Each structure stands twice: as structure tokens, then as C-alpha cells.
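Take a look at the letters that make up each chain.
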Amino acid sequence: MRTTGKTKTSPIREHTLESPDILRTARAELMRDGVYRFRVNGSAMRPTISDGDWLTVEQVSTSQLGVGDIVLLCTSSQTAVVHRILRFEQRHATTYVVTRGDAAEGLDVSVPVSNVVGRVLRIESNGVRHDLTTFWRRLRTRLAGWLHRWRFRKVKSV
């Protein structure tokens, strides 16, 4: 999955999700402007996010995150992914987040919640903006993710 970031100080640059540049750029933009916009390529979050969609990520505190949120996060191997939060786990004094792409079969390796770089605020697909900030939009997005996972479990168990 590849991303293209757009910043005020530089032209459009392509980053692969394995590159630490996207994380560094996203963190810098979020610190400066509170939002970061980039194009994503790949199918890990289909049908919610498709190849070529533009995502706007917002800076968010860890206490504002919830199950079902789609986040940009840094994995344990220092790569960037955009996946959905499935649950939170408490281990010792640290809270971990468990994520998975909507189209993925398995769970990601859990990471500390502090590895979340930002939450997806908006998805732009074929010129149509899907704002995830309103309560009802976020609820609809979470329900879509839950239904997708439930349907996947039913098919897999048969």
C-alpha cells in the first residue's frame, strides 16, 4: 500500500507505508496544522477505503479514540498502516490497541496506544467526501466495520 502526502512546505511526495518518511511527515503536519491529508493505495481497508482514496487524518488524544475508529498508526516494526481499532487491552501500566484492516484475515500485532499517529477524519473517494466527524457518520462507519467482521466470521466458520 502506498501513500502520497501533500504538505504546505513541499510538493506532493510519494511514500511507501514501509518508509518512515510518511510517519515523520504526518507527525510534523499534525503538530503544525492538526490535520494531514494523503492518498492511499491498496486494499487492506476495502470496502471502507479503496485504492486511490484521499484520507484526512486529525490529531487526536488517546482518550478520544474508540473501538471502530480508523487510525494511522506506527506498527511495532516502525511502518505506517491505516487500520480499524478492534479493541483496547491493558497490560501492566500500558494500554495497547488491537487493529485490523477491514479486508484482512488476521489481527495486527497490538501496539501501545501511543503509536496511534492520528484518526481518519475524512475519506474522499471519486470526488465524494465522507466526513467521519459527526456522531452518525462515525456510528455508521463503526457499524459497517462490525458487520463486515461478523460476515467474515460467519463465512469462515462454515
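Quick caveat, the model's predicted, so the values are computed rather than measured. For every chain, the first residue of the written sequence is number 1, and numbering continues from 1 along that sequence. Given that the model is predicted, a residue must reach a pLDDT of at least 70 before its local features are reported, and side-chain atom pairs must reach 80 or more before they are shown or counted; all residues, however, enter totals for whole chains, interfaces and linings. To obtain the side-chain values, all non-hydrogen atoms of the structure were included, while hydrogens and water were left out.

Attention shifts here to the overall build of the protein. Helix and strand content of the protein: 2 helices and 10 strands. Comment: elements are numbered from the N terminus, with helices defined as DSSP H or I runs of at least four residues and strands as E runs of at least two. Listing every helix and strand of the protein by position from the N terminus yields β-β-α-β-β-β-β-β-β-β-β-α. When each of the 158 residues of the protein is scored for burial, the buried share is 45%. A separation threshold of at least 6 residues defines the contact pool for the protein, and within that pool the share at least 24 residues apart is 49%. Throughout, the Shrake-Rupley method with a 1.4 Å probe supplies accessible areas, and for residues the shown protein chains are the sole cover considered. Accessible area of the protein: about 8800 Å², with a carbon and sulfur share of 53%. Only protein chains enter the accessibility calculation, which uses a 1.4 Å probe. A residue is then buried if its area is under 20% of the maximum for its type, exposed if over 50%, and partly exposed in between. We call two residues in contact whenever any of their non-hydrogen atoms come within 4.5 Å of each other.

Per-residue pLDDT for the protein has a mean of 81; in total, 75% of the residues score no lower than 70. For every residue, the predictor assigns a confidence score, pLDDT, that lies between 0 and 100. Per-residue pLDDT, averaged within each element of the protein, yields its smallest value for strand β1 (residues 2-6) (49) and its largest for strand β8 (residues 111-112) (97). Considering only residues more than four positions removed or in separate chains, one finds that residues 6-12, a stretch of pLDDT under 50, has 14 contacts.

Residue proline 47 is bonded to the preceding arginine 46 through a cis peptide linkage, with omega at 10°. Position of proline 47 among the secondary structure elements: in the loop between β3 (35-40) and β4 (54-58). The backbone of glutamine 78 sits at a positive phi, close to 65°, despite the residue not being glycine. Of the residues examined, glutamine 78 reaches a relative accessible area of 48% and is grouped as partly exposed. The backbone of asparagine 126 sits at a positive phi, close to 50°, despite the residue not being glycine. Its location among the elements puts asparagine 126 in the loop between β9 (116-125) and β10 (128-131).

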